Amino acid sequence: MDNKKTWFVTGASKGLGLSLVKQLLAAGQSVAATSRNAAALAAAVGNDNSNFLPLEVDLSDDRSVASAIQSTVDKFGQIDVAVNNAGYGIGGSIEELSDAVTRTSFDINVFGTLNVIRHVLPFMRQKRSGHIINISSIAGITANTGWSVYAATKYAITGLTDVLAQDVKEFGIHVTLVAPGAFRTSFLTAESLVMTDTPIADYTAIRNSHAKYAGMDGEQAGDPEKAAATMIQLVNMPEPPVYLLLGSDAYQRGLNKMEQLTAAFKATESLTKSTDY
Ligand SMILES: NC(=O)c1ccc[n+]([C@@H]2O[C@H](COP(=O)([O-])OP(=O)(O)OC[C@H]3O[C@@H](n4cnc5c(N)ncnc54)[C@H](OP(=O)(O)O)[C@@H]3O)[C@@H](O)[C@H]2O)c1
């Protein structure tokens, strides 16, 4: 790695976040990482070196996030890279998911990310440098049946990241949307995934889709260690991309979606243009 940086990583007790934190510490970087349970995080990382700050944070609580970021700056003096990684899948049709579980998923997947960005930007803006990495998903570009609420949270991340990259460009701050395909983490396990507990029998396509995903657990093509290494590589690029798909499945699905959108837009070109004055 080029030089020593301070990283702030959310949702680090397992999966992609844990792989990233371990690799960063092994490379001598300073790392503040968040979890719902700081003791579980410290145990998972298994590292008591002074470069590591485990933080217990409720990402849905703006004050909890603000305090975690202030503690990071107090300890390390700055934050160079913020990785909004915490998130989870939620499965079911819209009518099978209550208002409460739907809002909670937005609290973590979307508002958690907004809270981190809101509190990290003043430090990055002052320094005129920094890199914000938002982990969306290929489901934030093209999603499958049965995952509408998850897709909504990840599309939100895609949209806010796209505009944020433009908003903070003049400050020398880089912003990247990372959109993974399927990676072999805890993502598809009952520990992480929230599934409807009020399935409606009519939705046969959704049940088939969920069964397919359940069968993928442990067989996903993506290696989280390689994803973590790629994120580190990304930060070392002089001109990092705004969009980075991870995994050959994400690459193919992303290109397919571009073709579908191009064909759909062209098919209705005259209708679309008919509304101009
Ligand atoms: N794996 C995939 O196939 C895949 C594909 C596309 C996108 N992603 C995205 O990649 C990111 C990392 O996921 P992963 O694959 O590493 O999954 P994971 O192994 O389940 O880890 C998810 C992390 O997010 C945090 N998290 C999960 N549920 C949470 C909740 N209800 N409240 C607060 N934090 C919560 C956890 O943090 P703590 O337990 O430490 O609090 C955990 O460390 C997520 O944003 C996910 O949407 C994953």
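Computed from a predicted model, the values in this text were never measured in an experiment.

K.L.:
Explanation requested: the overall build of the chain in the structure shown.
P.N.:
Each helix and strand counted, the chain has nine helices and nine strands in total. Against the compact-globule benchmark of 19 Å for 277 residues, the chain has a radius of gyration of 19 Å, which places it among compact chains. Oriented by its inertia axes, the alpha-carbon framework of the chain measures out at about 55 × 50 × 35 Å. Within the chain, the proportion of its 277 residues that are buried is 41%. Considering only residue pairs separated by 6 or more positions, the chain has 73% of its internal contacts joining residues 24 or more positions apart.

K.L.:
Teacher, can you tell me more about helix α7 (residues 224–235) here?
P.N.:
Side chains of residues three or four places apart in an α-helix project in the same direction, reflecting 3.6 residues per turn. For α7, which comprises 12 residues, the first-to-last C-alpha distance of 17 Å matches the rise-based estimate of 16 Å (1.5 Å per residue) to within 8%. By the burial criterion, the buried members of α7 are P224, A227, A228, M231 and V235. Angularly, the buried residues of α7 cover 100° about the axis, an arc narrow enough to put them on a single face. Along its buried surface, α7 packs onto α1 (15–26), β4 (81–84), β6 (130–135), β7 (173–180) and β9 (243–246).

K.L.:
How do you make sense of the site of the ligand when you look at a structure like this?
P.N.:
Taken together, 26 residues surround the ligand, and among them G11, S13, G15, S35 and G87 come closest. Considering each element in turn, the shell around the ligand owes the most residues, three residues, to α1. The residue makeup of the shell around the ligand, split by class, is 12 nonpolar, 12 polar and two charged.

K.L.:
I'm lost on the environment of G172 in this one. Help?
P.N.:
On the secondary structure map, G172 appears in the loop between α5 (148–167) and β7. Sequence separation of G172 and M124 is 48 residues, and the distance between their C-alpha atoms is 8.9 Å. Once residues within four sequence positions are removed from consideration, G172 is found in contact with R128 and S129.

K.L.:
Is there a simple way to think about the nonpolar core in this case?
P.N.:
Note that soluble globular proteins tend to have their nonpolar side chains buried in a common cluster. Judged by nonpolar contacts, the single largest core of 63 residues is most densely connected at V9, V21 and V120. With seven residues, the single largest contributor to this core is helix α4 (residues 99–127). Sequence-distant contacts of V21, that is, excluding residues within four places in its chain, are made with V9, A12, V31, A33 and V45.

K.L.:
Explain the packing of α4 against α5 to me, please; I cannot follow it from the model alone.
P.N.:
For any two helices packed against each other, the geometry is given by the interaxial angle and the distance between the axes. At their nearest, the axes of α4 and α5 sit 9 Å apart, and the two run at 15° to each other. Considered as vectors, α4 and α5 are oriented roughly parallel to each other. As α4 packs across α5, the resulting crossing turns out to be right-handed. Residues T102, S105, F106, N109, V110, T113 and I117 of α4 touch α5, and the partners they reach there are V149, T153, K154, A156, I157 and L164. For the contact of α4 with α5, a count of residues per class yields seven nonpolar, five polar and one charged.

K.L.:
Where do I start with the sheet that holds β7 in this structure?
P.N.:
Paired through their backbone hydrogen bonds, the strands of a sheet run either parallel or antiparallel. With parallel pairing, the seven strands of this open sheet are ordered in space as β3-β2-β1-β4-β6-β7-β9. Every interior strand has two partners, whereas the edge strands, β3 (52–56) and β9, have only one. Here the average twist between neighbouring strands, direction ignored, is 15°. Here β6 pairs with β7 via six bridges, running parallel.

Conventions and cut-offs
Residues numbered from 1 in each chain as written. Predicted model: local features only at pLDDT ≥ 70, side-chain atom pairs only at ≥ 80, totals over all residues. Helix = DSSP H or I, 4+ residues; strand = E, 2+ residues; numbered from the N terminus. Rg over C-alpha atoms; globule rule 2.2 N^0.38 Å. Buried ≥ 20, exposed ≤ 12 C-beta atoms within 10 Å, placed from the backbone. Contact = placed C-beta atoms within 7 Å. Expected span 1.5 Å × (residues − 1). Arc of directions from axis to C-beta. Near = placed C-beta within 6 Å. Nonpolar A, V, L, I, M, F, W, Y, C, P; charged D, E, K, R; others polar. Core = buried A, V, L, I, M, F, W, Y, C linked by C-beta atoms within 7 Å. Axes fitted to C-alpha atoms, helices over the stretch in contact; angles between N-to-C directions. Parallel < 35°, antiparallel > 145°, perpendicular 65-115°, else oblique. Left-handed = near helix turned anticlockwise from the far one by under 90°. Pairing = 2+ DSSP bridges.

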